[in-house]
Amino acid sequence: IEAELQDRIESLKLDLDTTKDKLCRNLTDLTSASRKISEVELQKTMVEAELGKHVEYLESELKGVRATFSERLSSLTSERDSLASKISELEFEKESVETELQLRIQFLQSDHDSMQGKVTQMETRITSVQEDAARRIKEIECQKENAGRGG
């Protein structure tokens, strides 16, 4: 009986040592995973900061384009109104003034179309950056989840 108990004690000691080894490996794996999670979170923070700067820059550019567009439109509208007044005062030069006004209206439309194109481009770029940011954040979260699973 004493020999059986001794064998059983030895067997339990081996099981205990095996369990300790497994726990040490698990602790090492957890430490590694924790490190990976920290690295991924740092990368995520850096990407978010970078994307924030890009969005801020593009929004600033868009505001500038809109302001320029508004000023230019106001200026051209004022110019057009002035020409219309001259048409009333100078009936004998009516055809000449109408031709000039038509050219200015075409220029205004061309300038408007050009500015609208720039506004659309800026909005598209902002959307693209936002979509890229969402994709990158999802990738980082997937990496974080994978790292959290030990792999």
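This text gives an overview of the structure that appears in the document. Each residue is numbered by its place in its chain's sequence as written, counting from 1. Selection of residues for local features in this predicted model requires a pLDDT of at least 70, selection of side-chain atom pairs for listing and counting requires 80 or more, and totals for whole chains, interfaces and linings are taken over all residues. As a rule here, side-chain values come from all non-hydrogen atoms in the structure, and water together with hydrogens is ignored.

A separate point is the overall build of the protein. Of the regular secondary structure elements, the protein holds two helices and zero strands. C-alpha atoms of the protein, sized along the principal axes, occupy 130 × 15 × 15 Å. When accessible area is computed with a 1.4 Å probe and restricted to protein chains, residues below 20% of their type maximum are described as buried, those above 50% as exposed, and intermediate ones as partly exposed. Taken across its 151 residues, the protein has 17% of its residues classed as buried. In what follows, residue pairs with any heavy atoms lying within 4.5 Å of each other are defined as contacts. Taking contacts inside the protein between residues at least 6 apart in sequence as the whole, the part at least 24 apart equals 85%. Each accessible area value is a Shrake-Rupley result obtained with a 1.4 Å probe; residue values ignore everything except the protein chains displayed when judging cover. Element-wise, carbon and sulfur atoms account for 53% of the exposed surface of the protein, whose accessible area totals about 11,600 Å². For the charge count, each Lys or Arg is scored as positive and each Asp or Glu as negative, with His and the chain ends excluded. A single reference atom marks each charge: NZ on Lys, CZ on Arg, CG on Asp, CD on Glu. Put simply, the protein has 23 plus and 32 minus side-chain charges, and the middle of one group is 4 Å from the middle of the other. The helix and strand labels rest on DSSP assignments: H or I over at least four residues marks a helix, E over at least two residues marks a strand, and numbering proceeds from the N terminus.

Let's shift gears to the pattern of salt bridges. The rule for a salt bridge is simple: a side-chain nitrogen of Lys or Arg has to be within 4 Å of a carboxyl oxygen of Asp or Glu. A complete count under the given rule lists 11 salt bridges for this structure. Between Glu139 and Arg135 there is a salt bridge, with its nearest N and O atoms 3.5 Å apart. Taken together, the residues span about one helical turn, with Glu139 and Arg135 both in helix 2 (residues 94-148) at a distance of four residues. For Arg135, a relative accessible area of 45% puts it in the partly exposed group. Each member of the salt-bridge network shares a partner with another, and the members are Asp132, Arg135, Arg136 and Glu139.

Bringing the nonpolar core into the picture now. Nonpolar cores were defined as sets of buried Ala, Val, Leu, Ile, Met, Phe, Trp, Tyr and Cys residues, with membership established by side-chain atoms within 4.5 Å. Membership of the largest hydrophobic core comes to 15 residues, with the highest contact counts inside it found for Leu51, Leu58, Leu62 and Val129. Elements supplying a minimum of two residues to this core: helix 1 (2-89) and helix 2. If you tally residues by element for this core, the top one is helix 1, at eight residues. When sequence neighbours within four positions are dropped, the list of residues in contact with Leu51 reads Val129, Asp132, Ala133 and Arg136.

To continue, consider the side chain of Asp111. Relative to the helices and strands, Asp111 resides in helix 2. Discounting residues that sit within four places of it in the chain, Asp111 has contacts with Arg72 and Leu76.

All right, on to empty space enclosed by the protein then. Remark: the empty space left among the atoms is shown by a probe the size of a water molecule rolled over them. A cavity here means a set of points on a 1 Å grid, drawn over the protein atoms and nothing else, where a 1.4 Å probe fits but cannot get out; a pocket is an open set with protein on both sides within 12 Å along at least five of seven lines, and a residue lines either one if it has an atom within 4 Å of a point. Grid points are joined across faces, edges and corners, and a volume is the space filled by probe spheres set on the points. Within this structure, the stated rule accounts for two cavities of 30 Å³ or more. Taken as a whole, the largest cavity spans an internal volume of roughly 40 Å³. In terms of lining, the largest cavity is formed by Phe69, Arg72, Leu73, Leu76, Leu108, Asp111, His112 and Met115. Each residue gets one label: Ala, Val, Leu, Ile, Met, Phe, Trp, Tyr, Cys and Pro are nonpolar, Asp, Glu, Lys and Arg are charged, and the others, such as Gly, are polar. By residue class, the composition of the lining of the largest cavity is five nonpolar, one polar and two charged. Within this model, the second largest cavity holds a volume of roughly 30 Å³. What lines the second largest cavity is simply Leu76, Arg80, Leu101, Arg104, Ile105 and Leu108.

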